[in-house]
Amino acid sequence: MSQLTVQHLTMRFGDKLIQKDIDFSVASGTIFAIMGGSGCGKSTLLKHMIGLLTPAEGQVLVDDGDYWAATESAQRHMRQRFGVLFQSAALWTSMSVLDNVLVPLALKAPDLSSAERRDRAMELLSWVDMDAAADKLPSDLSGGMKKRAGLARAIAGEPDFLFLDEPSAGLDPISSVRLDKLITDLRDRTGAAVMIVSHELESLLSIADDGIFLDADSKQPIARGKPADLKAADDTHPTVRAFLNRQEPSS
Ligand SMILES: Nc1ncnc2c1ncn2[C@@H]1O[C@H](COP(=O)(O)OP(=O)(O)OP(=O)(O)O)[C@@H](O)[C@H]1O
Ligand SMILES: [Mg+2]
C-alpha cells in the first residue's frame, strides 16, 4: 500500500502566494482530482508533489518519508516511483515514440534485455493504440497522439504514483472516453494512486474517487471529496457547485 500526503502546504513564487493550507492524502487505487479555475495553482501543486518545486511551508510525504527532509538518494528512489504526464505532454522531441517509452523502462527495469524492453514498450504503445506510430517523431504526431504517447511513457515504469496534468486536453470526445477507460484500467491493474488535473467534467464525475478544489480568490482549498458527491451535496461551496454544474460546451 502506497500513500502520498500533502501536509499544511503553502506554495509561493517569490512573494506571490499561490495557495495555502493544502492538506490531503492519496492512497493506492485512488483516482484523486485536483480541481479549480485556470491559474489557481493546479499544475504548480503537481510540481510540488513530484519534487520539482520546493514548498514555502509544509511537507510532501511519500509513504512516511518527508521528501524535502530526505537524502538525495532517498529522493531519487521516491521519484522513481512517480510517473508524470505534464500538461504539455513534453515528449523528448529528438527521440522516436518508442525511445520515449524505452527511457523510463530502462531506468525502472535495468535487468531486462533490450529485446524484452522493446517488447514491453511495444505492448504499452499498443495499449494506448500507438504501436503503429512507434517509429515516428513527436513532431509528426497530432495532439491526441502526443498525449497517448506521453501516457505510455508515464506508465512505463509501473509507477506507484501517477500524475496526469490535463491528459484529455486536445482530444476529441471519443478519445476522452477511451482515455478514462485507460486510466481506470491502469489503476485496476497496477493499484497506482492517480492524481489528475482535468477540465473534463464528465471525466472527473465518472472516474474520480476523491479530490480537492483550489479557490483562486481565497487562495486555499474550499472543497474536499469525491466530485460526484460534491456536486450532489447541499453544503458544497457555491463556487465549487458552479464549477461542477457548469454546462460543457458541446462539440
Ligand atoms: N515558474 C513560475 N514562476 C512564477 N509564477 C508562476 C510560475 N508557474 C506558474 N506561475 C503562476 O502561478 C499561478 C498558478 O499557475 P498554474 O500553472 O499552477 O495554474 P493552473 O491551475 O495549472 O492553470 P491552468 O488551468 O490554466 O493550467 C499562475 O498565476 C501562474 O502565472
Ligand atoms: Mg495547469
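Residues numbered from 1 in each chain as written. Chains lettered and ligands numbered in written order. Predicted model: local features only at pLDDT ≥ 70, side-chain atom pairs only at ≥ 80, totals over all residues.

**Some points on the sheet that holds strand β10 (residues 220–224)**
Part 1 of the reasoning: Judged by pairing direction, the sheet is mixed, and its six strands sit side by side in the order β6-β7-β8-β3-β9-β10 without closing on themselves. Taken across any chain shown, the strands that pair with only one partner, and hence form the sheet edges, are β6 (82–85) and β10. The average undirected angle you get between the axes of adjacent strands in this sheet is 20°.
Part 2 of the reasoning: With five bridges joining them, strand β7 (residues 161–165) and strand β8 (residues 193–197) adopt parallel strand pairing. Across the sheet, Phe-161 pairs through a bridge with Ala-193, a residue of β8. (Pairing = 2+ DSSP bridges. Helix = DSSP H or I, 4+ residues; strand = E, 2+ residues; numbered from the N terminus. Axes fitted to C-alpha atoms, helices over the stretch in contact; angles between N-to-C directions.)

**Digging into the environment of Ala-223**
Part 1 of the reasoning: Tracing the sequence through the fold places Ala-223 in strand β10.
Part 2 of the reasoning: Residue classification places Ala-223 among the buried residues on the basis of 22 C-beta atoms within 10 Å.
Part 3 of the reasoning: Setting aside residues no more than four positions away along its own chain, Ala-223 makes contact with Phe-213, Leu-230, Thr-236, His-237 and Val-240. (Buried ≥ 20, exposed ≤ 12 C-beta atoms within 10 Å, placed from the backbone. Contact = placed C-beta atoms within 7 Å.)

**What about the site of ligand 1?**
Part 1 of the reasoning: Around ligand 1 sit Phe-13, Ile-18, Gly-36, Ser-38, Gly-39, Cys-40, Gly-41, Lys-42, Ser-43, Thr-44 and Gln-87, and that is every residue in its neighbourhood.
Part 2 of the reasoning: The dominant element in the shell around ligand 1, judged by the number of residues it contributes, is helix α1 (residues 42–49), at three residues.
Part 3 of the reasoning: Of the residues that constitute the shell around ligand 1, the class distribution is three nonpolar, seven polar and one charged. (Near = placed C-beta within 6 Å. Nonpolar A, V, L, I, M, F, W, Y, C, P; charged D, E, K, R; others polar.)

**Quick look at the nonpolar core**
Part 1 of the reasoning: In terms of nonpolar packing, the biggest core is built from 65 residues, with Val-101, Leu-125, Ala-152, Phe-163 and Val-194 touching the most fellow members.
Part 2 of the reasoning: Here this core takes six residues from helix α5 (residues 143–155), the largest share from any one element.
Part 3 of the reasoning: Domain assignment of the residues forming this core places at least three in each of domain 1 (1–81 + 159–246) and domain 2 (88–158).
Part 4 of the reasoning: Val-194 has contacts with Ile-31, Phe-32, Leu-162, Leu-164, Ile-183 and Arg-187, leaving out every residue within four places of it along the chain. (Core = buried A, V, L, I, M, F, W, Y, C linked by C-beta atoms within 7 Å. Domains from an automatic or database assignment.)

**Observations regarding the domain arrangement of the chain**
Part 1 of the reasoning: Domains assigned within the chain are domain 1 (1–81 + 159–246) and domain 2 (88–158).
Part 2 of the reasoning: The greatest single-element share of the side of domain 1 that touches domain 2, amounting to four residues, is contributed by helix α6 (residues 173–190).
Part 3 of the reasoning: Among the residues forming the side of domain 1 that touches domain 2, the class breakdown is six nonpolar, four polar and one charged.

**A few points about unusual backbone geometry**
Both trends apply: most residues other than glycine have a negative phi, and most peptide bonds are in trans.
Part 1 of the reasoning: A positive phi angle, close to 55°, is found at Asp-21, a residue other than glycine.
Part 2 of the reasoning: Among the residues examined, Asp-21 registers 13 C-beta atoms within 10 Å and is labelled partly exposed.
Part 3 of the reasoning: Positive phi, normally seen in glycine, also occurs at Glu-158, with a value near 45°.
Part 4 of the reasoning: Relative to the helices and strands, Glu-158 resides in the loop between α5 and β7.
Part 5 of the reasoning: Residue classification places Glu-158 among the partly exposed residues on the basis of 19 C-beta atoms within 10 Å.

**Section: the pairing of strand β3 (residues 31–35)**
Put simply, side chains in a regular strand alternate between the two faces of the sheet.
Part 1 of the reasoning: For β3, the buried fraction is high: four of the five residues fall into the buried class.
Part 2 of the reasoning: Relative to β8, β3 is paired through four bridges, and the arrangement is parallel. In the sheet register, Ile-34 faces β8, and the bridge partner there is Val-197.
Part 3 of the reasoning: In this sheet, strand β9 (residues 210–215) lies alongside β3 in parallel orientation, the contact comprising four bridges. Looking at the pairing, Phe-32 lines up with Asp-210 of β9.

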